Amino acid sequence: MSNFTSGFRIATNIGAQNAYNALDNINQQLNTVELQLATGKRINSVGQDPAGYTIGTKRSARSAGLSQALTNVGDAQSVLSTAEGGLQAINNILVNIKTLVTEAGNAGLGSSELGAIVTQVNSYLSEVGQTISETKFNGQQLLNNVFTGKSFQVGADSGDTLSVSLSTAVDSAALGLTGLSTTNIAGALTSVDNAINTVTSQLQYVGSLESRLTFKQQVLQVSITNTQAATSQIMD
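Quantities reported herein were computed from a predicted structural model and do not represent experimental measurements. (Residues numbered from 1 in each chain as written. Predicted model: local features only at pLDDT ≥ 70, side-chain atom pairs only at ≥ 80, totals over all residues. Heavy atoms only, no water.)

J.: With reference to specific residues and values, describe the overall build of the protein.
T.: Check the secondary structure of the protein and you find 4 helices and 4 strands. Across the 236 residues that make up the protein, the buried fraction comes to 27%. If you take every contact in the protein between residues at least 6 apart in sequence, the share linking residues at least 24 apart comes to 71%. Accessible area of the protein: about 13,700 Å², with a carbon and sulfur share of 51%. (Helix = DSSP H or I, 4+ residues; strand = E, 2+ residues; numbered from the N terminus. Buried < 20%, exposed > 50% of the residue type's maximum accessible area, 1.4 Å probe, protein only. Contact = heavy atoms within 4.5 Å. Areas by Shrake-Rupley, 256 points an atom, 1.4 Å probe, with all protein chains shown as cover.)

Here it is in structure tokens:
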């Protein structure tokens, strides 16, 4: 008689279960590989590699923060560039005023000639006020002494900020160029020189910030590339 107790199961087919388990394992591996191919990532869930997923997620977050900081740097550069344009225009106007005031110091000029010079100077000063009014970024005026203590997040960490304070008033009153007439126009040369010095000093301040932002932009670009590369080594 045949021995049915060796290698045979009646109620439970162990061989079939083993085959099913092996097939199920292969299907799971295939699903994992297909997902990796579809996403381009080695780690797609925390269960695949808890430590690697945590590290990669943190690095991805830092990379995103650095990318936004780079955008912020671009906005800060735009603000400063706008302010620089307005200040340059005012400085050019003041240079023209200096020429006229110097001309007014000519004793050979009569009252009508001096009156014409005063009219031209006052017209230029009105343009200074107009330039201040029109120098804006996203609706914010930059040259009327209100864009002060503004902070730009220029890095991924809380302390990576740049403070901008365009606090120097450059209107005609602040520059001491009001009340000019034919009787005092010739004596306004010192005031005009002081006004030019005030505007150029503010231009130097803006230029120093623009220079810092140029270096910050370069550092951020390198940091973003390196952070993305480090993330890729873990996640991809």
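J.: Requested: an account of the nonpolar core, with residues and values cited.
T.: Grouped burial of nonpolar side chains is what soluble globular proteins tend to show. Residues Leu94 and Ile185 are the most contacted members of the largest nonpolar core, which totals 47 residues. Secondary structure elements with two or more residues in this core: helix 2 (50-104), helix 3 (111-134), strand 4 (161-164) and helix 4 (189-235). The element contributing the most residues to this core is helix 2, with 15 residues. For Leu94, the contacting residues outside a window of four places in its chain are Leu175, Leu177, Val192, Ala195, Ile196 and Val199. (Core = buried A, V, L, I, M, F, W, Y, C linked by side-chain atoms within 4.5 Å.)

J.: Account for the packing of aromatic side chains, with residues named and values stated.
T.: On inspection of all chains with the given rule, the structure shows 0 aromatic pairs. Sitting over the ring of Phe147, Lys150 keeps its end group 5.6 Å from the ring centre. (Phe/Tyr/Trp six-rings, centres within 6.5 Å; stacked < 30°, edge-to-face > 60°. Lys NZ or Arg CZ within 6 Å of the ring centre and 35° of its normal.)

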